[in-house]
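Given next are the chains, with one letter for each unit.
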Amino acid sequence: MKKIGITGGIGSGKSYVCRKIAQRGIPIYSTDDHAKLLMTQDPQIIEGLKQLIGPDTYIGGQLNRSLIAQYLFSDPTHAAQVNAIVHPAVKRDFCSWASRQTSDIVVQECAILFESGFATTVDITVEVYAPRDIRIQRACQRDHATPAQIEARMKHQMDEEDKRRLADICILNDGTTDIDKQIDMLLKQISNR
């Protein structure tokens, strides 16, 4: 089985590419979705976050998102502390999930593939790339945000050019280049490896 990690910055279209791959019958693991689920179900994460942030981290069995957000934004080192609790559980969950799949190829969709160390859980890394102006336009439409708000979010992400250099393969999602052809070429390359 080959494991592909797909990443890309805000507005790059990584979820769009993953949906197109899923249409070809390939299982997709959304790291964001699974992390959110694990934060409410995994006993190690729950206990770790309670010890780190306090007993009010969970109210009635639900994650106190406003408290988490307040904690994360109160100090730049706090995100690393939370990630040190959550990321190992997500890595274990991905590996367990992948081992249960019957497909020859599985995909992990992860916005922070390189930053989080999740690239170590996959065989091939793919960057979905789009020019900055297109990414801003897409994210503004999707999130009903202003360009300034999107640019502020981008400042907290790894530079797209750095991701391109780290990735094994790049898919260009500029609105004119054929995505389906690129996906077919990617899957053919992976099958031939």
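Just above, that's the structure.
(A) How the structure looks around the overall build of the protein. Per the secondary structure count, the protein includes nine helices and seven strands. For the protein, whose C-alpha radius of gyration is 18 Å, the value lies close to the compact-globule estimate of 16 Å for 193 residues. Counting only C-alpha atoms, the protein reaches 50 × 40 × 25 Å along its principal axes. Counting every position in the protein, which comprises 193 residues, the buried fraction comes to 44%. For the protein, contacts bridging at least 24 residues in sequence account for 71% of all contacts bridging at least 6. About 10400 Å² of surface is accessible on the protein, with carbon and sulfur atoms providing 51% of the total.

(B) Structural detail: the packing of helix H3 (residues 43–53) against helix H5 (residues 78–99). Running from N to C, H3 and H5 point in directions that differ by 175 degrees, and their axes come no closer than 10 Å. In this view, H3 runs roughly antiparallel relative to H5, as classed from their interaxial angle. Facing Gln44, Ile45, Gly48, Leu49, Leu52 and Ile53 of H3, the residues of H5 in contact are Gln81, Val82, Ile85, Val86, Ala89 and Arg92. Taken together, the residues that form the contact of H3 with H5 break down as eight nonpolar, three polar and one charged.

(C) Molecular detail of the pairing of strand E1 (residues 2–7). Across five bridges, E1 lies against strand E5 (residues 105–109) in parallel orientation. Of the residues in E5, the one forming a bridge with lysine 2 is isoleucine 105. As defined by bridge partners, E1 adjoins strand E6 (residues 124–129) across four bridges and the pair is classed as parallel. Across the sheet, residue threonine 7 finds its bridge partner in E6, namely glutamate 127.

(D) Quick peek at the sheet that holds E1. Read from one edge of the open sheet, five strands run E2-E5-E1-E6-E7, paired in parallel fashion. At either margin of the open sheet sits one strand with a lone partner, and together these are strand E2 (28–30) and strand E7 (169–172). Each neighbouring strand pair of the sheet contributes to a mean axis angle of 25 degrees, computed without reference to strand direction.

(E) Summary view of the packing of aromatic side chains. Summed over the entire model, instances satisfying the criterion amount to three aromatic pairs. Taking 5.2 Å as the distance between ring centres and 70 degrees as the angle between the ring planes, the aromatic pair formed by tyrosine 29 and phenylalanine 94 counts as edge-to-face. Here phenylalanine 94 lies in helix H5 and tyrosine 29 lies in strand E2, a separation of 65 residues in the sequence. You can call tyrosine 29 buried: its relative accessible area is 0%. Positioned above the aromatic ring of phenylalanine 118, the side-chain terminus of lysine 91 is 5.8 Å from the ring centre. The lysine or arginine in question, arginine 164, covers the ring of tyrosine 129, its NZ or CZ lying 4.0 Å from the ring centre.

What counts as what
Residues numbered from 1 in each chain as written. Predicted model: local features only at pLDDT ≥ 70, side-chain atom pairs only at ≥ 80, totals over all residues. Heavy atoms only, no water. Helix = DSSP H or I, 4+ residues; strand = E, 2+ residues; numbered from the N terminus. Rg over C-alpha atoms; globule rule 2.2 N^0.38 Å. Buried < 20%, exposed > 50% of the residue type's maximum accessible area, 1.4 Å probe, protein only. Contact = heavy atoms within 4.5 Å. Areas by Shrake-Rupley, 256 points an atom, 1.4 Å probe, with all protein chains shown as cover. Axes fitted to C-alpha atoms, helices over the stretch in contact; angles between N-to-C directions. Parallel < 35°, antiparallel > 145°, perpendicular 65-115°, else oblique. Nonpolar A, V, L, I, M, F, W, Y, C, P; charged D, E, K, R; others polar. Pairing = 2+ DSSP bridges. Phe/Tyr/Trp six-rings, centres within 6.5 Å; stacked < 30°, edge-to-face > 60°. Lys NZ or Arg CZ within 6 Å of the ring centre and 35° of its normal.

Note that all results are geometric; they support no functional claim without further evidence.
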